[in-house]
Amino acid sequence: KMAATMSLSSINLSSRTVRSARFAPKKMVARGPKMVTKAVSDVTTTICVCNAAMLAIGRFVAMPYQRAQVAKAGLPVQNGVAHEEAGDSYAKEASFLQSTNDPAGFNLIDVMAWGSLGHAIAYLCLATGSNGYAGL
């Protein structure tokens, strides 16, 4: 019995590059007016101003008021004992979220919250300014 064998050397395969006008890359031609990208535009300025305003309001106006209200209310108690003192380990504040180098205590959560409000107000200003109404 003889087994049929085939080696790669017995197969003559070759490849060649075929240049055809049908497959040639086409030249890219710009249509319409030329677009210019600007680093500073009305949109970026609006977003920056709204974010800066909301962060300033949060840091210098709302945060002192909120901290005073929390201090006035005190810790939540149950049967005259604070939850953490009663043994509830989940009542302890997450210190890694509250740590900050800001003298007033403006932390990461505050920046994210007030920054998102700044973005929302900027979107409102841009949307009302571009839809034909008077805008803000």
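The rules behind these values
Residues numbered from 1 in each chain as written. Predicted model: local features only at pLDDT ≥ 70, side-chain atom pairs only at ≥ 80, totals over all residues. Heavy atoms only, no water. Helix = DSSP H or I, 4+ residues; strand = E, 2+ residues; numbered from the N terminus. Contact = heavy atoms within 4.5 Å. Axes fitted to C-alpha atoms, helices over the stretch in contact; angles between N-to-C directions. Parallel < 35°, antiparallel > 145°, perpendicular 65-115°, else oblique. Left-handed = near helix turned anticlockwise from the far one by under 90°. Nonpolar A, V, L, I, M, F, W, Y, C, P; charged D, E, K, R; others polar. pLDDT = per-residue confidence, 0-100. Salt bridge = Lys/Arg side-chain N within 4 Å of Asp/Glu carboxyl O. Buried < 20%, exposed > 50% of the residue type's maximum accessible area, 1.4 Å probe, protein only.

Asks: Quick question: what am I supposed to make of the environment of Val111 here?
Replies: You can see Val111 is positioned in helix α3 (residues 108-130). Filtering out sequence-adjacent residues up to four positions away, Val111 remains in contact with Leu55 and Phe106.

Asks: What exactly am I supposed to notice about the packing of helix α1 (residues 42-73) against α3 here?
Replies: In helix packing, the relevant descriptors are the interaxial angle and the interaxial distance, both defined with respect to the helix axes. Relative to each other, α1 and α3 sit at 135°, their axes nearing to 8 Å. The orientation of α1 relative to α3 falls into the category oblique. Considering only the axes of α1 and α3, their crossing is right-handed. Along the contact surface, α1 presents Val43, Thr46, Ile47, Cys50, Asn51, Met54, Leu55, Ile57, Gly58, Ala62, Met63 and Arg67, while α3 presents Asp110, Val111, Trp114, Gly115, Leu117, Gly118, His119, Ile121, Ala122, Cys125 and Leu126. Taken together, the residues of the contact of α1 with α3 break down into 15 nonpolar, six polar and two charged.

Asks: What should I look at first to understand the confidence of the model for the protein chain in this one?
Replies: Detailed reading of predicted coordinates is not advised where the pLDDT is low. Overall, the prediction assigns the protein chain a mean pLDDT of 78, with 74% of residues at 70 or greater. Mean pLDDT per element in the protein chain: helix α2 (residues 95-98) is the minimum at 68, and α1 is the maximum at 92.

Asks: Just to check I follow, could you spell out the pattern of salt bridges for this structure?
Replies: Close approach of charged atoms allows side chains with opposite charge to pair. What the rule picks out here adds up to two salt bridges. Among the salt bridges present, the one from Asp102 reaches Arg59, with a minimum N-O distance of 2.9 Å. Of this pair, Asp102 sits in the loop between α2 and α3 while Arg59 sits in helix α1; the two residues are 43 residues apart in sequence, bridging distant segments of the chain. Given the relative accessible area of 22%, Asp102 is considered partly exposed. Assessed through its relative accessible area of 18%, Arg59 is described here as buried. Among the ionic pairs, Asp110 bridges to Arg67, the shortest N-O distance being 3.5 Å. One end of the pair, Asp110, is in helix α3; the other, Arg67, is in helix α1, and 43 residues separate them in sequence. Owing to a relative accessible area of 15%, Asp110 belongs among the buried residues under this scheme. With relative accessibility at 33%, the residue Arg67 sits in the partly exposed group.

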